[in-house]
Amino acid sequence: MFLASISEISTASWILSFLAAFVIGMSKAGIKGIAIINVTFMAIAFETKQSTGIVLPLLVVADVFAVIYYNRHTQWSYVAKFLPWMILGILLGSWVGMDLPEKAFKIFMVFLIFLILAFIVWWDRKKVKTVPTHWAFASGIGTLAGFTTMVGNLAGPLSNIYFLAMRLPKNHFIGTAAWLFLIINVFKLPFHFFVWNTITADTLLLDLKLIPGIIVGFLIGINIVKRINEEFFRKMILVLTALGAIIILFK
């Protein structure tokens, strides 16, 4: 359903939208790996392209909450390494993303996610303490993350992989990702306003009504994260990222 008027939204779409906002709040609070669920809910409730314009302002609002709460944990050196490549990926995505064969891209992305996850699991089992330092690692994953976030707000799994590979502690992981995605999502806004035309007065009105869902999800997410130790957090992100990749394949 292309959103022509907010009054046309069905009850089922409202429920899915609120659940998506709730998941966004939890994800930005630190429950990384579940963000793909909000993308799926929105894509079911609305047309896939239109849903990206609905989700993006919600992500910006949740990013602001995350930055305020986790700002003191931000590791700016990792933002500096990753951000330029994500911007490059966004520019590429805005140029060719609309004409990309969706099925082939999903298969490639899922294969890549599982390949890199396999390497991370191998590093963990071998007790390897070093992290990838070659510029190609950050540039490759960063560009793909930027491309996928422009095409379908799907950068979460790839960014999770990068920060896992860097072995960032829990709060540093969340705080660094918070600033990275606030910058990236704000950067994407003009493309959705003026190039793809997926953000309108009606989508913004819908987003405004969904903010309470973000707040509830964020508060619950913070309380969950506080109770998770570092080792479990890392394992949780690995598992949720893998599950997210499977959902990408079948959504």
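Notes on the structure in this doc start here.

What counts and how
Residues numbered from 1 in each chain as written. Predicted model: local features only at pLDDT ≥ 70, side-chain atom pairs only at ≥ 80, totals over all residues. Heavy atoms only, no water. Core = buried A, V, L, I, M, F, W, Y, C linked by side-chain atoms within 4.5 Å. Buried < 20%, exposed > 50% of the residue type's maximum accessible area, 1.4 Å probe, protein only. Helix = DSSP H or I, 4+ residues; strand = E, 2+ residues; numbered from the N terminus. Contact = heavy atoms within 4.5 Å. Axes fitted to C-alpha atoms, helices over the stretch in contact; angles between N-to-C directions. Parallel < 35°, antiparallel > 145°, perpendicular 65-115°, else oblique. Left-handed = near helix turned anticlockwise from the far one by under 90°. Nonpolar A, V, L, I, M, F, W, Y, C, P; charged D, E, K, R; others polar. Patch = residues over 30% accessible without salt bridge, like charges linked within 9 Å, V, L, I, M, F, W, Y side chains within 5 Å. Areas by Shrake-Rupley, 256 points an atom, 1.4 Å probe, with all protein chains shown as cover. Salt bridge = Lys/Arg side-chain N within 4 Å of Asp/Glu carboxyl O.

### Digging into the nonpolar core
Inference 1: Ranked by size, the top nonpolar core spans 59 residues in total, and within it Met 86, Ile 141, Tyr 162, Phe 163 and Leu 180 carry the most contacts.
Inference 2: Looking at which element gives the most residues to this core, the answer is helix 8 (residues 170-195), with 10 residues.
Inference 3: Excluding residues that lie within four positions of it along the chain, Met 86 makes contacts with Gly 142, Thr 143, Ala 145, Gly 146, Thr 149, Ala 155, Leu 180, Phe 181 and Ile 184.
Inference 4: With 16 residues, the next largest nonpolar core counts Ile 9, Ile 24, Val 55 and Leu 210 among its residues.

### What to know about the environment of Phe 232
Inference 1: Residue position: Phe 232 is located in helix 10 (residues 230-250).
Inference 2: According to the relative accessible area criterion, Phe 232 is partly exposed, its value standing at 48%.
Inference 3: Distance in space between the C-alpha atoms of Phe 232 and Lys 170 is 9.8 Å, their sequence separation being 62 residues.

### Some points on the packing of helix 4 (residues 76-96) against helix 7 (residues 156-165)
Inference 1: At a minimum axis distance of 12 Å, the contact between helix 4 and helix 7 shows a crossing angle of 135°. Here helix 7 runs oblique to helix 4, going by the angle between their axes. The element helix 4 and its partner helix 7 pack so that their crossing is right-handed. Note on element contacts: helix 7 touches helix 4 through Ser 159, Tyr 162 and Phe 163, opposite Tyr 78, Lys 81 and Phe 82.
Inference 2: Class assignment for the residues of the contact of helix 4 with helix 7 results in 4 nonpolar, 1 polar and 1 charged.

### Some words on a nonpolar patch on the surface
Inference 1: Taken together, the side chains of Leu 88, Leu 92, Trp 95 and Val 96 make up a nonpolar region of the molecular surface, amounting to roughly 380 Å² of accessible area.
Inference 2: Looking at the element boundaries, Trp 95 is found in helix 4.
Inference 3: Owing to a relative accessible area of 66%, Trp 95 belongs among the exposed residues under this scheme.

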